[in-house]
Amino acid sequence: MFNEDKYADFLFEGRDDKEIQYWMNLFELTSIFEGMEVNEAKKLGGSIVEVWNDRIANQYSEMNVSASLIHDDSTDEVFITIQ
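Residues numbered from 1 in each chain as written. Predicted model: local features only at pLDDT ≥ 70, side-chain atom pairs only at ≥ 80, totals over all residues. Heavy atoms only, no water.

Go over the nonpolar core, please, and point to the residues and values.
Listed in full, the 10 residues of the largest apolar core are F27, L29, V38, A41, V49, I56, A67, V78, I80 and I82. Secondary-structure elements contributing two or more residues to this core are α4 (38-59) and β3 (77-82). Among the elements that make up this core, the one with the highest residue count is α4 (4 residues). Apart from the residues within four sequence positions on either side, I80 is in contact with N25, L26, F27, L29, G45, I48, V49, W52, S68 and L69. (Core = buried A, V, L, I, M, F, W, Y, C linked by side-chain atoms within 4.5 Å. Buried < 20%, exposed > 50% of the residue type's maximum accessible area, 1.4 Å probe, protein only. Helix = DSSP H or I, 4+ residues; strand = E, 2+ residues; numbered from the N terminus. Contact = heavy atoms within 4.5 Å.)

Give me the lowdown on the sheet that holds strand β2 (residues 67-72), citing residues and values where you can.
The strand order β1-β3-β2 describes an open sheet built from 3 strands, whose pairing is antiparallel. Each edge of the sheet is formed by a strand with only one pairing partner; in this case those strands are β1 (27-28) and β2. One ladder, built from 2 bridges, connects β1 with β3; its direction is antiparallel. Of the residues in β3, the one forming a bridge with E28 is F79. Each of β1, β2 and β3 is contacted by helix α2 (residues 17-25), which is oriented at about 135° to β3, the strand it contacts most. Across the sheet, α4 lies against β1, β2 and β3, angled at about 160° from β2, the strand it touches most. (Pairing = 2+ DSSP bridges. Axes fitted to C-alpha atoms, helices over the stretch in contact; angles between N-to-C directions.)

Structure (structure tokens):
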């Protein structure tokens, strides 16, 4: 879901590469599967993170990045990003 204009905006704002990567790769899993229970979203998200991390390790081992799951307790939203 890369967006060239959003990327340019982040650069213009002076954000560093790690912060840009975090926000450009962040997506909310619970909004994609409306009605999914939070525990189900966390389980599915954990599986996605595992697959992404395997792929990152195999294809981009020289990079110091990994996928991670984020659960916002206050909203019960589940996010995944690469950082």
